[in-house]
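Summary of structural features
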Amino acid sequence: MAKAPEQATTEAAEQETGGAVHGGHLVARTLSARGVTKLFTLSGGHLFSIFDGCKDEGIDVVDARHEQSATWAAEGWAKATRSAGVAALTAGPGVTNGMSAIAGAQQNGSPLVVLGGRAPEMRWGSGSLQEIDHVPFVAPLTKSAETVKQTAAIPEVTAHALDTAIELPSGPTFVDYPLDVVFMEAEAEVPAAPEQRDGAAADDAEQAASLLAAAERPVIMAGTNLYWARGEGELRQFAEALGIPVFLNGMGRGCLPADHELAFSRARGKGLKEADVALVVGVPLDFRLGFGGSFGEDTRLVQLDSAPSRLEATRQPELALVGDIAATLGAIREQATAGGASAEGTKAWVDDLRATESEKRAAETGDLDDERAPLHPLRVYRDLMEVLDRDAIVIGDGGDFVSYAGRVIETYEPGCWMDPGPYGCLGAGPGQAIGAKLAHPERQVCVLLGDGAFGFSGLEFDTMVRHGLPVVGVMGNNGIWGLEKHPMEFLYGYSIAAELQPGARYDQVVEALGGHGELVREPAELPAALERAFESGKPALVNVLTDPSVVYPRKAVLA
Ligand SMILES: Cc1ncc(C[n+]2csc(CCOP(=O)(O)OP(=O)(O)O)c2C)c(N)n1
Ligand SMILES: [Mg+2]
């Protein structure tokens, strides 16, 4: 039908200024303007208008089978891309189901943006379906948590959540949209993105430089915030210029390739204990570093991070630098080398550590080559390492099985190792794998799963099938909650609540969901099974029966 001239003119004018659109469009436009291309979610009526907006804006809606997996998928995307990962969770139970993943993202500093549905504002307090105020319980875990009260305010509040999440130190943010606010129409512009400013180096770089320049046995211990700060280039230059051995944990793994002459892992115990000066970069002195006790009593600690430590540290560093990590590393290197420091002075120390590293690696070959059936967990990794590409993204989700992986799987590029991080929540793996595979469809994404861990998120293999994501899962199936059973037996002489079904056919579960399944009972079956899984072009699970009597050599369990 032909339009009246006045009507046509009004529509044209509306298009120029944006015009009034429903709140879901405003959400989607804002996401799009900030470069977001995927929305991880699980459906709920409170989110329909956001889905409708995403459809028009060309944002892919990736729906998972549990909100915690949708949220982990957004975190996996964030980790794989170092940009914001966005999850939309329906009002009430959708948001509460995402809480563990939000808490994990907080401890990982992941730029996760959670958009919540919310019961209508106009009837707030009358007992609408799924009515609960999310903000008070989400706020302690996020950098910002806000309810949008006006449709026209949606772009501003949503953009703020996105910008805040990625601003260093990065971390999760939350916005919820009352049903009436997000379904109603308004006219509003998306605010311009804040200008990217170059970060400033920390003040005390000079003092750090003189400590490191005078050190005979320096080390660098670097972690997750180095990765978020894109500090890998500076780290490498720094280590090479001063000849400093590097140890990496968390998302720091891969920031120096595992086969670099200054990259060490097995010699960490000795390296940290015997160091005279340790530069601790982007990682807190938490349980992973023995609350500081992993270093020698006399080791002089210099800590560098993008924000002051959140922890009630049991050990205070001698020098705490807060500033842009890459810029500060650059400033320390320049000042140290200008003062005459070079890699010459540390050669003996580097050689000493290399000898220990090689010795420990040689001692591992026994377990890696163990031909027992069911398999020794390390035997699984010997063959897996053969089929993994250098830029494969490996994700750990489990207890002992993943601890073994952490010891032997090498990481060569930043962002190629993921795990739940210090929050340690089982079940994060499949979601993170979904996010990672969407971010890097051309790369191998391999999720290492304990049989216990699989129970939390195993149905996400359905999500992978529906969305065409050929992630390969490799399971160490020992029929027990290994990381709990053995320590409880050690402490009490028996264990409780530590058994799972021996030999359960989780591979058949994945097959039933439309994926590829493999069962491996003996070492000889493993190489071909792995090859078929990677070549199947489908989400796959290689279910490897592993020996439940293998006790992981663990020093601390809970502390
Ligand atoms: C959500 C959650 N629940 C419980 C735990 C405690 N927990 C840590 S490791 C572990 C055992 C994991 O078993 P499995 O995945 O089979 O790996 P295995 O140790 O047997 O190799 C448990 C229960 C946890 N970390 N997260
Ligand atoms: Mg197990």
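Check the entry above for the structure.
Now for a look at the structure at hand. (Residues numbered from 1 in each chain as written. Chains lettered and ligands numbered in written order. Predicted model: local features only at pLDDT ≥ 70, side-chain atom pairs only at ≥ 80, totals over all residues. Heavy atoms only, no water.)

**A closer look at the packing of helix α2 (residues 23–33) against helix α3 (residues 48–57)**
Axis separation between α2 and α3 bottoms out at 7 Å; the angle between their running directions is 45°. One finds that α2 runs oblique with respect to α3. Here α2 runs over α3; the crossing is right-handed. Of the residues in α3, those in contact with Gly24, His25, Val27, Ala28, Arg29 and Ser32 of α2 are Ser49, Ile50, Asp52, Gly53, Cys54, Asp56 and Glu57. Looking at the contact of α2 with α3 residue by residue, the class counts come to four nonpolar, five polar and four charged. (Axes fitted to C-alpha atoms, helices over the stretch in contact; angles between N-to-C directions. Helix = DSSP H or I, 4+ residues; strand = E, 2+ residues; numbered from the N terminus. Parallel < 35°, antiparallel > 145°, perpendicular 65-115°, else oblique. Left-handed = near helix turned anticlockwise from the far one by under 90°. Contact = heavy atoms within 4.5 Å. Nonpolar A, V, L, I, M, F, W, Y, C, P; charged D, E, K, R; others polar.)

**Some thoughts on the sheet that holds strand β5 (residues 112–118)**
Taken together, the six strands give an open sheet; going across it, the order is β3-β2-β4-β5-β7-β6, and neighbouring strands pair in parallel fashion. The outermost strands of the open sheet, each flanked by one partner alone, are β3 (60–63) and β6 (145–147). Sheet twist, expressed as the mean angle between neighbouring strand axes with direction ignored, is 25°. By the bridge criterion, two bridges tie strand β2 (residues 38–41) to strand β4 (residues 85–89) in an arrangement that is parallel. By the bridge assignment, Thr41 is partnered in β4 with Ala88. Sheet strands in contact with helix α4 (residues 67–81) are β2, β4 and β5, and its direction is about 165° off that of β4. In the packing of helix α18 (residues 428–439) onto the sheet, the strands contacted are β2 and β3, and the crossing angle to β2 comes to about 165°. (Pairing = 2+ DSSP bridges.)

**Focus on the coordination of the magnesium ion (ligand 2)**
All of the protein donors around the magnesium ion (ligand 2) are Asp451 (OD), Asn478 (OD1) and Ile480 (O); their distances to the metal are 2.1 to 2.2 Å. Between consecutive donors of the magnesium ion (ligand 2), the numbers of intervening residues give the motif D-x26-N-x1-I. Taken together, the positions of Asp451 in helix α19 (residues 451–457) and Asn478 in the loop between β17 (472–477) and α21 (482–492) put the pair 27 residues apart, joining distant regions of the chain. (Donors = N, O, S within 2.8 Å, 3.2 Å for Na, K, Ca; no water.)

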